[in-house]
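# Tertiary structure, described
Here is how the chains run, residue by residue.
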Amino acid sequence: MNRRNVLAAGAMLAASAWTPLARAARPLGADHRARIQALLGQMTLAEKVGQMNQIAGGRQKSLNSKLDAAMLDRVRKGEMGSFLHVAGAEPLRDLQRVAVEESRLKIPLLFAMDVIHGYRTILPVPLALAASWDPKVAEQAARIAAEEAWAAGLHWTFTPMVDVARDPRWGRVVEGAGEDAYLGSRIAEAQVAGFQGADLGEGRRMMACAKHFVGYGAAEGGRDYDSAEVGPRTLNEVYLPPFHAAARAGAGSFMTAFNALDGVPMTANAELVRGFLRAQWHYQGLVVSDWNAIRELVNHGIAADAREAAVLALKAGVDMDMASGSYATYLAEAATADASLVPLIDESVGRILAAKARLGLFDDPYGFGDPARDKAPLRRTEARDLAKRSLVLLRNDGAVLPLKPGARLALIGALADDASSAIGSWRARGQATDAVTLKAALAGADYQPGTDVAAAVEAAKRADIVLVALGEDFNRTGEARSYAEIGLPEGQAALLEALKATGKPIVAILMGGRPLALERELTGVPAVLQTWLLGIESGPAIAEILTGKAAPGGRLPIGMPRRTGQSPQSYAHLPTGRPANPDLAVDSARYHDTEIGPLFAFGHGLTYGEIAYGPLSLSAETVAPGGRITASVQVTNRGTMAVDEVVQLYANDPVAAVSRPVAELRGFARVPLKPGQSRTVRFTLSPEQFAFWRDGKWIVEAGDIRLMAGASSVDLKSEARFRITAGAEGQVPAASLATKVEIA
Ligand code: GLC
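Residues numbered from 1 in each chain as written. Predicted model: local features only at pLDDT ≥ 70, side-chain atom pairs only at ≥ 80, totals over all residues. Heavy atoms only, no water.

### Observations concerning the sheet that holds strand E10 (residues 321–322)
Keep this limit in mind: Think of it this way: DSSP has to see at least two bridges between two strands before they count as a pair. Runs of H or I in DSSP of at least four residues are treated as helices and runs of E of at least two as strands, each being numbered from the N terminus.
In space, the 5 strands of this open sheet follow the order E4-E3-E2-E1-E10, with parallel pairing throughout. Each of the sheet's edge strands pairs with one partner strand only, and the pair in question is strand E4 (156–157) and E10. Relative to E4, strand E3 (residues 110–113) runs parallel, the two sharing 2 bridges. Paired with Ala112 across the two strands is Trp156, which belongs to E4.

Okay, structure coming up:
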């Protein structure tokens with residue numbers, strides 16, 4: 001999309017009349033509004049700019065380490081409004097006291113940290129939580145994290161990351177909810193609810209931050225920080241919906257992304273931040289830049305120096321400068337030279353003070369933190385349950401799993417004993433020593449790290465079943481961890497081939513933060529379990545699934561490619577004029593050197609037993625704009641174990657004014673089923689959920705819609721059609737709207 005299109009996109013975005021976000025940044029009480037106005041009237045320009053300045057009070061690995069006397073003196077002078085990389089009930093209470101009792105205007109500080117998937121009790125990484133296909137899991141994880149972080153005096157977490165990601169070469173795929181806008185929207189709103197509670201001020205919760213606005217996951221080549229080029233339709237239909245869902249859920253803050261979107265860095269993207277997020281969505285929360293991103297506008301080549309960068313970011317609508325110091329150094333002088341900047345500064349400071357007010361900091365600046373709770377026992381039981389719900393059984397040929405009691409087990413692979421990887425790369429105050437590894441959980445297994453292949457082969461020969469832990473350690477995914485090849489890391493393929501040669505049945509236990517491209521390596525491996533990075537209880541959770549104490553119920557939130565070269569890809573692709581054809585003699589949209597589609601598809605996951613699907617039935621054959629239609633499907637557990645089935649509903653618009661994806665997720669339900677039990681899932685949808693973005697508007701078109709129910713994006717069991725009887729205009733991103741789901 002060239003520059004003209006960006007303006008057009010901006011204009012288009014501006015053309016539509018967006019409904020104000022229902023709960024975003026819940027309106028302030030009159031008393032708080034009055035207090036903020038009074039403060040703004042008292043503040044000097046320097047004090048205003050101070051509020052817009054966020055400083056690192058330490059490093060991720062040495063929290064609070066920069067809180068020296070000189071820093072406290074800067075707090076007294078009102079030179080910063082927030083700290084990150086700080087924590088601890090007592091140290092933060094002391095720091096707050098300096099601001100609230102020793103500065104001129106006594107404005108409380110905001111304390112922030114990346115509490116991504118746990119604070120002390122480290123839980124499964126976000127991609128694993130999304131693999132549960134259960135928003136309650138994501139909400140519970142966020143609530144646990146918030147309660148622990150609150151006890152440590154923290155007000156603000158830089159999460160959820162709601163960036164849709166379709167290229168697993170991008171290392172940050174681990175931090176999001178995968179490739180789909182609808183699933184991503186459900187997980188985003190659940191995480192916001194978990195972190196913030198019903199209302200920010202309700203206590204023992206913290207302010208969430210939807211990040212990274214926007215298009216960060218579309219980085220070219222999967223290279224972190226690289227440019228993203230997406231057209232207006234893809235931007236609105238794929239990358240924006242989870243942000244809208246997060247904003248509607250009341251996310252108190254947003255973070256702008258490092259990347260440029262069609263040549264305009266998001267930190268200076270006035271069309272999309274001020275012109276769209278603010279003016280169209282009416283979002284009133286706090287917008288913070290990412291680390292040093294304001295100063296990096298100079299690297300992007302759109303600012304000659306940090307002063308110009310600061311002015312561009314302010315004009316774009318960035319309220320707070322994370323760690324670059326550009327606002328602190330230049331904004332006061334720039335606003336003195338150009339008075340038109342002062343109202344923009346007042347707006348930003350107003351939003352920062354409003355965030356502090358919503359957190360209750362003006363009423364009780366010491367209301368966060370509880371030294372006793374800060375030392376409470378880790379929440380292992382909940383951590384294990386969340387981990388068990390996040391595993392995905394990808395393959396189970398010959399019902400190798402669950403393991404037969406008494407089977408002699410060989411457990412091979414360094415990752416099975418890697419406590420540090422179990423807790424991932426965003427570990428807040430988590431400790432590797434808290435993690436129970438798979439090796440520890442399977443103490444009876446004959447363990448070999450796999451570095452000595454011969455010894456591993458000998459262990460395999462002594463066993464009935466070979467469990468081999470394969471994949472990536474925590475440091476191969478996360479920020480700045482993009483890889484051009486996403487097969488097995490060095491040495492693991494050879495180890496696996498040697499183990500295959502023993503002829504013993506192999507269970508591959510995949511670990512890591514991204515889906516790997518493993519078609520060749522997994523050939524001949526009858527059972528494959530995707531376990532991601534599951535937190536402090538990963539070992540026991542995997543062991544319970546392997547032994548059948550619990551049944552796997554997770555599903556892939558992102559497809560697993562056969563080969564790296566297939567990336568990026570998505571199940572929700574357009575049909576093209578020559579849809580991919582299995583017959584290579586037919587010219588079609590596919591590679592000649594690999595099969596069509598991913599090795600394991602979006603939504604794929606097996607369980608212990610067989611699930612039967614009945615026909616998909618509709619409540620009507622037509623629906624008018626503003627109406628509702630219900631699609632029902634019965635599922636039956638034909639197995640002997642209690643299991644969860646994730647029933648998925650996909651939609652396709654077969655003929656429309658623009659080409660539409662072959663399938664788009666528009667509903668799902670994780671359904672507990674006892675042996676022999678049948679249950680009916682009812683999805684109630686509105687025509688607005690099938691709208692597409694065109695000419696700056698959400699277009700609901702009259703015409704047929706296909707609905708397909710199934711166990712994954714490629715395992716569709718039944719379908720039904722209905723017709724939308726008239727055209728209309730939607731108000732919000734279609735994929736951001738939640739389908740009503742009832743399970744009878
Ligand atoms: C990092 C990340 C962002 C994080 C911030 C603070 O660079 O991009 O997601 O919240 O800095 O640690």
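### Details of unusual backbone geometry
The residue after Lys211, namely His212, is reached through a cis peptide bond having omega -5 degrees. If you trace the backbone, His212 turns up in strand E5 (residues 209–213). Residue Pro402 is reached from Leu401 by a cis peptide bond, and omega for that bond is -5 degrees. Here Pro402 shows up in the loop between strand E11 (392–396) and strand E12 (409–412). Even without a glycine there, the phi angle at Asn64 is positive, about 65 degrees.

### Here we look at the site of the ligand
To keep things clear, this is the line we draw: Here a residue counts as near a molecule or strand whenever at least one of its heavy atoms sits within 4 Å of it. We define a polar contact as two N or O atoms separated by no more than 3.5 Å, with the added condition that, inside protein, one atom must be a possible hydrogen donor and the other a possible acceptor, whereas residues neighbouring each other in sequence contribute only through side-chain atom pairs. Shrake-Rupley sampling with a 1.4 Å probe provides the accessible areas, and residues are treated as covered by the protein chains on show and by no other component. Under the scheme applied, nonpolar residues are Ala, Val, Leu, Ile, Met, Phe, Trp, Tyr, Cys and Pro; charged residues are Asp, Glu, Lys and Arg; polar residues are all the others, including Gly.
Taken together, the neighbourhood of the ligand is formed by 14 residues, with Asp114, Arg172, Lys211, His212 and Asp290 sitting nearest. One of the side-chain nitrogen or oxygen atoms of Lys211 is found 2.7 Å away from an oxygen atom of the ligand. The contact in question runs from an oxygen atom of the ligand to an N or O atom on the side chain of His212, over 2.7 Å. Considering the ligand on its own, with 310 Å² of exposed area, one finds that the protein chains cover 95% of that surface. Here the residues of the shell around the ligand are counted per class, giving 7 nonpolar, 2 polar and 5 charged.

### Quick word on the UniProt feature "domain: Fibronectin type III-like" (unreviewed entry) in the chain
Defined as follows: UniProt positions are given in the numbering used here, feature names are shortened, and annotations may be inferred rather than shown by experiment.
In the numbering adopted here, UniProt assigns the feature "domain: Fibronectin type III-like" (unreviewed entry) to residues 645–713. Helix makes up 0% of residues 645–713 and strand 59%. Its end C-alpha atoms lie 14 Å apart.

### Side note on the domain arrangement of the chain
Filter applied, for reference: Where each domain starts and ends follows an automatic or database-derived domain assignment. Contacts are assigned to residue pairs with any non-hydrogen atoms lying within 4.5 Å of each other. Summed over both partners, the accessible surface that disappears when two parts come together, traced with a 1.4 Å probe, is what is meant by buried area. Salt bridges, as used here, are contacts in which a Lys or Arg side-chain nitrogen is within 4 Å of a carboxyl oxygen on Asp or Glu.
Domain boundaries assigned for the chain yield domain 1 (381–566) and domain 2 (611–743). Between the C-alpha centres of domain 1 and domain 2 there is a distance of 34 Å. Facing 7 residues of domain 1, the contacting portion of domain 2 comprises 9 residues. With both sides pooled, the region where domain 1 packs onto domain 2 buries about 620 Å², and carbon together with sulfur makes up 46% of that total. Broken down residue by residue, the surface that domain 1 buries against domain 2 is led by Arg389, Ala551 and Arg555, which jointly contribute 69%. Applying the counting rule to domain 1 against domain 2 returns 2 salt bridges. If you look at where domain 1 meets domain 2, you find 3 residue pairs in polar contact (both at pLDDT 80 or more). Partitioning the side of domain 1 that touches domain 2 into residue classes produces 2 nonpolar, 3 polar and 2 charged.

### Details of the packing of aromatic side chains
A ring pair, where both rings are aromatic, is described by two values, the distance of the centres and the angle of the planes. Worth spelling out the cut-off: Here is the rule: rings of Phe, Tyr and Trp (six-membered ring for Trp) pair when centre to centre is within 6.5 Å. Planes less than 30 degrees apart are stacked, more than 60 are edge-to-face, and the remainder are tilted. Buried means the residue's accessible area, taken with a 1.4 Å probe over protein chains only, is under 20% of the maximum for its type, while exposed means over 50%, and partly exposed covers the values in between. The rule for a charge over a ring is simple: NZ of Lys or CZ of Arg within 6 Å of the ring centre, and within 35 degrees of the ring normal.
A full pass over the atoms with the stated rule returns 18 aromatic pairs. With centroids separated by 5.2 Å and ring planes inclined at 75 degrees, the aromatic side chains of Trp133 and Phe668 adopt a geometry described as edge-to-face. Taken as a pair, Trp133 in the loop between helix H6 (126–130) and helix H7 (135–151) and Phe668 in strand E22 (residues 664–673) lie far apart in primary sequence, 535 residues in all. As far as the burial class goes, Trp133 and Phe668 line up, both buried. Among the aromatic residues, ring-to-ring pairing joins Trp133, Tyr182, Tyr571, Phe602, Tyr650 and Phe668 into one connected group. When the ring centre of Tyr366 is taken as reference, the NZ or CZ atom of Arg97 above it lies at 5.7 Å.

### Focus: the packing of H7 against helix H8 (residues 181–196)
Between two packed helices, the angle of one axis relative to the other and the distance separating the axes together describe the packing. Put simply, the rule is: Axes here refer to lines fitted to C-alpha atoms; in helices the fit is confined to the stretch in contact. Angles between the N-to-C directions go from 0 to 180 degrees. Angular relationships are summarised with four words: roughly parallel below 35 degrees, roughly antiparallel beyond 145, roughly perpendicular across 65 to 115, and oblique for the angles in between. It is the rotation of the near helix from the far one that decides the hand of a crossing: anticlockwise by less than a right angle makes it left-handed, clockwise makes it right-handed.
For the pair H7 and H8, the least separation of the axes is 7 Å and the interaxial angle reads 30 degrees. With respect to H8, the axis of H7 lies roughly parallel. Between H7 and H8 the crossing geometry is right-handed. Facing H7, whose interface residues are Pro135, Ala138, Glu139, Ala142, Arg143, Ala145 and Ala146, H8 presents Arg186, Ile187, Ala190, Gln191, Ala193, Gly194 and Phe195. Residue classes in the contact of H7 with H8 are distributed as 9 nonpolar, 2 polar and 3 charged.

### Structural notes on the side chain of Asn64
Among the secondary structure elements, Asn64 is positioned in the loop between strand E1 (53–56) and helix H4 (69–76). For Asn64, a relative accessible area of 18% translates into the label buried. Residue contacts for Asn64: discarding those within four places in its chain leaves Gly57, Gly58, His85, Val86, Ala87 and Pro91.

### As for helix H9 (residues 232–239)
In an α-helix, one full turn covers 3.6 residues, which means residues spaced three or four apart are oriented alike. Counting buried positions over the 8 residues of H9 gives 6, a clear majority of the element. For H9, the set of buried residues is Pro232, Leu235, Asn236, Glu237, Val238 and Tyr239.

### Side note on the confidence of the model for the chain
Inclusion rule: A residue's pLDDT is simply how confident the predictor is in it, with values from 0 to 100.
On average, residues of the chain carry a pLDDT of 95, and 96% of them reach 70 or more. Within the model, pLDDT remains below 50 along residues 1–20, and this stretch shows 51 contacts once partners closer than five positions in the same chain are excluded.

### What about the nonpolar core?
The criterion, for reference: Within this scheme, the nonpolar core is defined by two criteria: the residues are buried Ala, Val, Leu, Ile, Met, Phe, Trp, Tyr or Cys, and they are joined through side-chain atoms within 4.5 Å.
With 182 residues, the main nonpolar core has Phe213, Phe254 and Leu546 as its most contacted residues. Ranked by residue count, the leading element in this core is helix H15 (residues 341–358), at 9 residues. Residue contacts for Leu546: discarding those within four places in its chain leaves Leu401, Pro402, Leu403, Leu438, Leu442, Leu467, Val507, Ile509, Leu529 and Tyr608. Leu616, Val643, Phe690 and Ile724 belong to the second largest nonpolar core, which has 31 residues in total.

### Focus: the pairing of E5
Extensive coverage of E5 is indicated by the burial of 5 of its 5 residues. When E5 meets strand E6 (residues 253–256), the two strands line up parallel, connected through 4 bridges. Bridging from a neighbouring strand, Cys209 pairs with Ser253 of E6.

### Some thoughts on the pattern of salt bridges
Applying the stated criterion across every chain yields a total of 51 salt bridges. Across the pair Arg274 and Glu347 runs a salt bridge whose closest N-O atoms are separated by 3.1 Å. In this pair, Arg274 is assigned in helix H11 (residues 273–278) and Glu347 in helix H15, connecting sequence segments 73 residues apart. The class of Glu347 is partly exposed, set by a relative accessible area of 35%. A salt bridge links Arg278 to Asp319; its shortest N-O distance comes to 2.7 Å. Residue Arg278 is located in helix H11, and its partner Asp319 is located in the loop between helix H13 (306–316) and E10; the two are separated by 41 residues in the primary sequence. Classification of Arg278 as buried rests on a relative accessible area of 8%.

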